[in-house]
Protein chains: 2
Amino acid sequence: MKLCTTVQEMRQERAQLGRVGFVPTMGFLHEGHLSLVRRAREETDAVVVSLFVNPIQFGSADDLANYPRALERDIALLRREGVACVFTPEAAEFYPEGFATQVDVGGVALELEGPSRPGHFAGVATVLAKFFNIIQPQRAYFGQKDAQQCAVVQRFVRDLNIPVDIVTLPTWREADGLAGSSRNSRLTEAERHRAPVLHQALCRGRTLVQAGERRRAVLEGAMRDVLVQAGLVDIDYVTIVNPDTFQAEEEVREGALALLAVQLGAVRLIDNMPLF
Amino acid sequence: MKLCTTVQEMRQERAQLGRVGFVPTMGFLHEGHLSLVRRAREETDAVVVSLFVNPIQFGSADDLANYPRALERDIALLRREGVACVFTPEAAEFYPEGFATQVDVGGVALELEGPSRPGHFAGVATVLAKFFNIIQPQRAYFGQKDAQQCAVVQRFVRDLNIPVDIVTLPTWREADGLAGSSRNSRLTEAERHRAPVLHQALCRGRTLVQAGERRRAVLEGAMRDVLVQAGLVDIDYVTIVNPDTFQAEEEVREGALALLAVQLGAVRLIDNMPLF
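Note that this is a predicted model, so its numbers are computed, not measured.

(A) Seen up close, the sheet that holds strand β10 (residues 257-264) of chain A. Residue and element names in this part refer to chain A. Reading across the sheet, the four strands line up as β9-β8-β10-β11 and stay open at both edges, with antiparallel pairing between neighbours. Edge positions in the sheet fall to β9 (247-248) and β11 (267-274), since each of these pairs with one other strand and no more. Examined bridge by bridge, strand β8 (residues 235-242) and β9 share two bridges and lie antiparallel to one another. Within the sheet, the bridge partner assigned to N242 lies in β9 and is Q247. Along the sheet face, helix α10 (residues 197-210) touches β10 and β11 and points at about 25 degrees away from the line of β11.

So, in structure tokens, the structure goes:
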């Protein structure tokens, strides 16, 4: 497994590889990331994984500083998975003095996480555009856990005609239902114990839909009750959207997606689930 | 010479070509464009020219509607130049319903033409990002006449790590000094007669610099006088900037660039000249 830390090294290494599957990550890998790596190995000649905590997608310096890191462990994990190349660029090379470009996405990026995290999706789209241009992968792999991010990536890749197939894989979950996230490591033991209630709230919504309920307000209220009854009251949003627009509609329809974002102690957790 | 009108056709055609030199144009070709094509032919295996009046870089529907077009003539000219492929995408395919992405450039893009033409550089950067992703040229050719555009393109290509070399060639001028521009065709005969005064104003600035003048205010005043004395009073800007920042400095220094933008009847003309 090759380790690249500069853009030039990465370009040289890429030229040796055939069809590349790319898994962009911010490191502190969990089973969700590894499920993406395994799928990429099946579908392409060589897997490239980036480990880069992208400063421009964080709203606060505090959140950036507190993002968990475990570079040596991540590299060991990826070596075991048969990854061809790990790319760990330096922020100073990625965003040198005078850097002045941003990939701005409208549409789906303006909903939910958009206003909650100003600049976040522009930061994600900008760093991914850079990675796609450097690594030139045939496919790139993302987890459905960040459902809105997946929609944003699909949008700008299509709009800018970037020649990469975006593959979205199902959310990997712990045995108790908690969606895999690097941020989970920052939960206290008590918070970790309560965290699966996010998944339970989504399941409650799906159960009601299966029973025939279609009124969004009723479904959202039921999901919110599950959170509140478990003591999770710092709720950013609980909603159900049309997955093409990420906008809410009065009556939920085939394909509708339930999403929530909740603050649990120092950590903001998100999760989502298709209701049909 | 192959004509491509869809993204898919263009991608298929590109796969047959070797090292590609790309000349993006809005059509209504003049000798300036052809000088870019000739250089591209010398330096690459195959030349691709786009003819596309890009709607998203126009501030007003009026300016867009009035932009001159001569598709058949352009194609005939390019055939004679040994161009491998002409790409004339449809706006409806380039910007379909739901299109929501913009490449926003700061820094140099925020000066001069930036505030004068809101959204212009974002429109230019966005369409070029699309062309670069579809055509994947090794080199792309631009005229120095649009000096600030050249700086904006260099900026976002570098920031997004787009694997293309940007080549800038000197401004092509008519015998009387007028810089080649498709917009010149919209000048009346009387206006065309007065238009070379833009070049004369720039030459006046350069002459003064050669004589030792370094005070920007004095130089700008002298250039402005040349315009006003010729009756060109609808001046958007006459300035001298540091070419790295496109910002004005009190004392002009080695490398300084004089730029002007003047309204002449229905047409807004720009021109520029290095002062050293």
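(B) Structural context of the UniProt feature "binding site: (R)-pantoate" (unreviewed entry) in chain A. All names here are of chain A. The UniProt record marks Q57 and Q149 with the feature "binding site: (R)-pantoate" (unreviewed entry), using the residue numbering of this structure. The annotated residues occupy 93 residues of the chain but converge on a single region, no pair of C-alpha atoms lying more than 11.7 Å apart. Of note, Q57 is situated in the loop between β3 (46-51) and α3 (61-66). When near neighbours in sequence (up to four residues on either side) are disregarded, Q57 contacts M26, R117, H120, G123, V124 and V127. Mapped onto the secondary structure, Q149 falls in helix α8 (residues 147-159). Not counting residues within four places of it along the chain, the set of residues in contact with Q149 comprises H120, F121, V124 and F142.

(C) Representation of the packing of aromatic side chains within the structure. Tallying each qualifying case throughout the model produces 24 aromatic pairs over all chains. Summarising the aromatic geometry, the rings of B:F87 and B:F94 are spaced 6.1 Å apart at their centres and angled 70 degrees between planes, so their arrangement reads as edge-to-face. Here B:F87 matches B:F94 in class, with each residue buried. Through pairs of rings, three or more aromatic residues link up here, namely A:F22, A:F52, A:F87, A:F94, A:Y95, A:F99, A:F131, A:F132 and A:F156. Its guanidinium or amino end placed over the ring of B:F28, B:R73 lies 5.0 Å from that ring's centre, counting from NZ or CZ. Geometry around B:F94 places B:K130 over its ring, the cationic atom sitting 4.6 Å from the centre.

(D) Spotlight on helix α4 (residues 71-80) of chain B. Residues and elements named next belong to chain B. Burial in α4 covers these residues: D74, I75, L77 and L78. The arc that holds every buried residue of α4, seen down its axis, measures 160 degrees, which confines them to one face. Within α4, the exposed residues directed more than 90 degrees away from the buried face are E72 and R80. Looking at the buried positions of α4, the neighbouring elements they touch are β1 (2-4), α2 (31-43), β3 (46-51) and β4 (85-87). Note on α4: the residue one or two positions beyond its end, G82, has a positive phi of about 75 degrees.

(E) Expanded view of unusual backbone geometry. Residue and element names in this part refer to chain B. Despite not being glycine, F28 has its phi angle at roughly 50 degrees, a positive value. Locating F28 in the fold gives a position in the loop between β2 (20-25) and α2. Positioned with a positive phi, L112 is a non-glycine residue whose angle comes to about 35 degrees. Tracing the chain through its elements places L112 in the loop between β5 (101-105) and α6 (113-116). Under the relative-accessibility criterion, L112 is labelled buried at 15%.

(F) Molecular detail of the pairing of strand β10 (residues 257-264) of chain B. Residues and elements named next belong to chain B. For β10, the buried fraction is high: seven of the eight residues fall into the buried class. Two strands pair when backbone bridges link them, and strand β8 (residues 235-242) and β10 are joined in this way by six bridges, in the antiparallel orientation. Opposite Y237, over in β10, you have A261 as the bridge partner.

(G) Here's a closer look at the relation of the copies chain B and chain A. Overlaying chain B with chain A gives an RMSD of 0.0 Å, the required rotation being 180 degrees about an axis along which the chain moves by 0.0 Å. In the structure described here, the two chain copies are related by an operation that fits a two-fold rotation axis. It is B:V103 whose C-alpha, among those of chain B, lies nearest the rotation axis, at 2.3 Å. In this assembly the copies share their binding face: 100% of the residues contributing to the interface of chain B also contribute to that of chain A.

(H) Seen up close, the side chain of B:N184. Mapped onto the fold, B:N184 is located in the loop between β7 (165-169) and α9 (189-194). Given the relative accessible area of 11%, B:N184 is considered buried.

(I) Layout of the packing of helix α7 (residues 120-135) of chain A against α8(A). All names here are of chain A. Where α7 contacts α8, the axes come no closer than 10 Å and their chain directions differ by 55 degrees. Our classification of the angle between α7 and α8 gives oblique. Crossing handedness for the pair α7 and α8: right-handed. Facing α7, whose interface residues are H120, F121, V124, A125, L128, A129 and F132, α8 presents Q148, Q149, V152, V153, F156 and V157.

(J) Structural context of the interface of chain B and chain A. Contacts between the two partners involve 26 residues from chain B and, on the opposite side, 26 residues from chain A. Surface buried jointly by chain B and chain A totals about 2100 Å² across both partners, of which 46% is contributed by carbon and sulfur atoms. Ranking the residues of chain B by area buried against chain A places B:T101, B:L160 and B:N161 at the top, with a combined share of 27%. For the pair chain B and chain A, the interface holds zero salt bridges. The tally of links from chain B across to chain A stands at 18 residue pairs in polar contact (both at pLDDT 80 or more). At the level of secondary structure, the elements contributing two or more residues to the side of chain B that touches chain A comprise α1 (7-14), β5, α7 (120-135) and α8 (147-159) of chain B. Direction of pairing for strand β5 (residues 101-105) of chain A relative to β5(B): antiparallel, over a ladder of five bridges. Bridge pairing in β5(B) links A:T101 to B:V105.

About the cut-offs
- Residues numbered from 1 in each chain as written.
- Chains lettered and ligands numbered in written order.
- Predicted model: local features only at pLDDT ≥ 70, side-chain atom pairs only at ≥ 80, totals over all residues.
- Heavy atoms only, no water.
- Pairing = 2+ DSSP bridges.
- Helix = DSSP H or I, 4+ residues; strand = E, 2+ residues; numbered from the N terminus.
- Contact = heavy atoms within 4.5 Å.
- Axes fitted to C-alpha atoms, helices over the stretch in contact; angles between N-to-C directions.
- UniProt positions renumbered as here; feature names shortened; annotations may be inferred.
- Phe/Tyr/Trp six-rings, centres within 6.5 Å; stacked < 30°, edge-to-face > 60°.
- Buried < 20%, exposed > 50% of the residue type's maximum accessible area, 1.4 Å probe, protein only.
- Lys NZ or Arg CZ within 6 Å of the ring centre and 35° of its normal.
- Arc of directions from axis to C-beta.
- Least-squares fit on C-alpha atoms with pLDDT ≥ 70 in both.
- Parallel < 35°, antiparallel > 145°, perpendicular 65-115°, else oblique.
- Left-handed = near helix turned anticlockwise from the far one by under 90°.
- Buried area = accessible area lost by both parts, 1.4 Å probe.
- Salt bridge = Lys/Arg side-chain N within 4 Å of Asp/Glu carboxyl O.
- Polar contact = N/O pair within 3.5 Å; in protein donor to acceptor, adjacent residues only side chain to side chain.

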